[in-house]
Structure formats: structure tokens, C-alpha cells
Amino acid sequence: MIFVTVGTHEQPFNRLIKKVDDLIIKEKVIVQTGFSTYIPEYCEAHKMMSFEKMQQTLRDARIVITHGGPSSFIEALQFGKVPIVVPRQEKFHEHVNNHQVDFTKLIAERMNNIIPVYDIDDLKMIIDNYDQIAKTKTIIYPPLRSSERSPASPVSSSTVARTIRKRLSATN
């Protein structure tokens, strides 16, 4: 299963949702659409999800695709996933500036634990080759075995954030 989350930012992220919906994907796709106005035809869509449902969906996903908000991709990292990160871009009116692009580039370069997608037309190739690409990424902590994960605490977000801060400050 592929899980796509665009977070809770009030500007739509129709570009990502429409692209995923248009791709011919031969597995179940669940999309958390947030404030997007595009309604997927071929994916299971949820405007918002409860914390428990989000955690379960992250746990069950083979691939997680997120926007460039740190909370979303850190949450995927907590479950031992290498997220595909598609940052919202100002030129498409998806955010007020390009801070998601800048932050995604910083994390991709310094941490090597996400798969960034800056050109939405590259998404199909990334999904098709996900397993090979994910193997080239750094896991910053050992993921918990699924039997050890609870919905409320897969790996603490403070542990992940602390590790990222440490790695970023070491490269300055």
C-alpha cells in the first residue's frame, strides 16, 4: 500500500494528489488530502485522519509520500520508512514561500534519509524504483520491529529530531 499525506496546511496541494491519482499504480493508494480541492477518483481519500488512523496507515504502508513539512516526513522516519518527499512550492501557490523546498534539499543532502522529488513528473519513476532507491538511503536509527510498535509511540519524535539536529550541526 502507498500512503500519501499532504498535512494540514490550509493551501491545497492538488498538484501532488492529482499526479498520484493519474498514475497507474497496481497497489492500494490511500491519500490524506487535507485542504486540497482535487478529489481523487482512483485512490482512497480522507480529508483528515485521526492520530490512530494515521499511525496505523503509516505502519502498514510500503511507501510513504509526504509534502515537505518536517512533521510529516519525520513521522514516516519514526516507522523506519524512507519517505518520498514532494515539497510544496510557492510558484504553484501551495505555500507562502519555498521553505519546504529549501528544507527538503538540506535534509536530503546532509542526512540522506529521504527521497526528494522536485519535479512531479519524476514521481512515477521514483515509485517504480522505490526499493532500489531506498536501499541507498541512510537509516538514522534502527526501526522497531512491528511487534514492538504501539500506535502512540513508534519511535519518539524527539529522538528523531535530536538525531537530525545533531547530524546537521556536525556538518556545519
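Every value quoted in this text rests on a predicted model; they were computed, and no experiment measured them.

This part takes up the overall build of the protein chain. What the protein chain contains, in helices and strands, is seven helices and six strands. Here the protein chain holds 172 residues, and the buried ones make up 49% of them.

The next thing to look at is the packing of aromatic side chains. Centre distance and the angle of the planes are the two values used to describe a pair of aromatic rings. Going through the model one piece at a time under the given rule, you end up with one aromatic pair. Judged by centre distance (6.0 Å) and plane angle (25°), the rings of Phe-73 and Phe-103 are stacked. With Phe-73 in helix H3 (residues 70–78) and Phe-103 in helix H4 (residues 99–110), the pair connects residues that are 30 residues apart, well separated along the chain. Assessed through its relative accessible area of 27%, Phe-103 is described here as partly exposed.

Pairing within the open sheet is parallel, and its six strands lie in the order E3-E2-E1-E4-E5-E6. Only two strands of the sheet have a single neighbouring strand rather than two, namely strand E3 (44–46) and strand E6 (115–116). In this structure, strand E2 (residues 29–32) lies alongside E3, joined through three bridges in parallel fashion. Residue pairing for E3: Val-31 is matched across the bridge by Ala-45.

A turn of α-helix holds 3.6 residues, and therefore any two residues three or four places apart point the same way. Here H3 lies mainly inside the structure; seven of its nine residues are buried. Taken together, the buried positions of H3 are Ser-72, Phe-73, Ile-74, Glu-75, Ala-76, Leu-77 and Gln-78. Count one or two residues on from H3 and you reach Gly-80, which has phi positive near 75°.

Moving on, we get to the environment of Gly-34. As for its position among the elements, Gly-34 is in the loop between E2 and E3. A relative accessible area of 0% places Gly-34 in the buried class. The spatial distance from the C-alpha of Gly-34 to the C-alpha of Met-48 is 5.7 Å, given a sequence separation of 14 residues. Those residues in contact with Gly-34 that lie beyond four places of it in its chain are Val-6, Gly-7, His-46, Lys-47 and Met-48.

Another point: the nonpolar core. In terms of nonpolar packing, the biggest core is built from 26 residues, with Val-4, Leu-16, Ile-65, Ile-84, Val-86, Leu-123 and Ile-127 touching the most fellow members. At the level of secondary structure, the elements contributing two or more residues to this core comprise strand E1 (2–5), helix H1 (14–22), E2, strand E4 (63–66), helix H5 (123–128) and helix H6 (130–134). For Leu-123, the contacting residues outside a window of four places in its chain are Leu-16, Lys-19, Val-20, Leu-23, Ile-65, Ile-84, Val-86 and Val-117.

For the protein chain, the average pLDDT comes to 85, and 81% of its residues sit at 70 or higher. In this model, residues 142–153 is a region of pLDDT below 50 whose contacts with residues beyond four sequence positions or in other chains number 15 contacts.

Now for the pattern of salt bridges. Considering all chains together, one arrives at seven salt bridges under this definition. The salt bridge involving Glu-44 is made with Lys-28; its shortest N-O contact spans 3.2 Å. Of this pair, Glu-44 sits in strand E3 while Lys-28 is found in the loop between H1 and E2, placing the two residues 16 residues apart along the sequence. With a relative accessible area of 30%, Glu-44 lands in the partly exposed category. Three or more residues joined by partner-sharing salt bridges are found here, namely Glu-27, Arg-62 and Asp-131.

Cut-offs applied
Residues numbered from 1 in each chain as written. Predicted model: local features only at pLDDT ≥ 70, side-chain atom pairs only at ≥ 80, totals over all residues. Heavy atoms only, no water. Helix = DSSP H or I, 4+ residues; strand = E, 2+ residues; numbered from the N terminus. Buried < 20%, exposed > 50% of the residue type's maximum accessible area, 1.4 Å probe, protein only. Phe/Tyr/Trp six-rings, centres within 6.5 Å; stacked < 30°, edge-to-face > 60°. Pairing = 2+ DSSP bridges. Contact = heavy atoms within 4.5 Å. Core = buried A, V, L, I, M, F, W, Y, C linked by side-chain atoms within 4.5 Å. pLDDT = per-residue confidence, 0-100. Salt bridge = Lys/Arg side-chain N within 4 Å of Asp/Glu carboxyl O.

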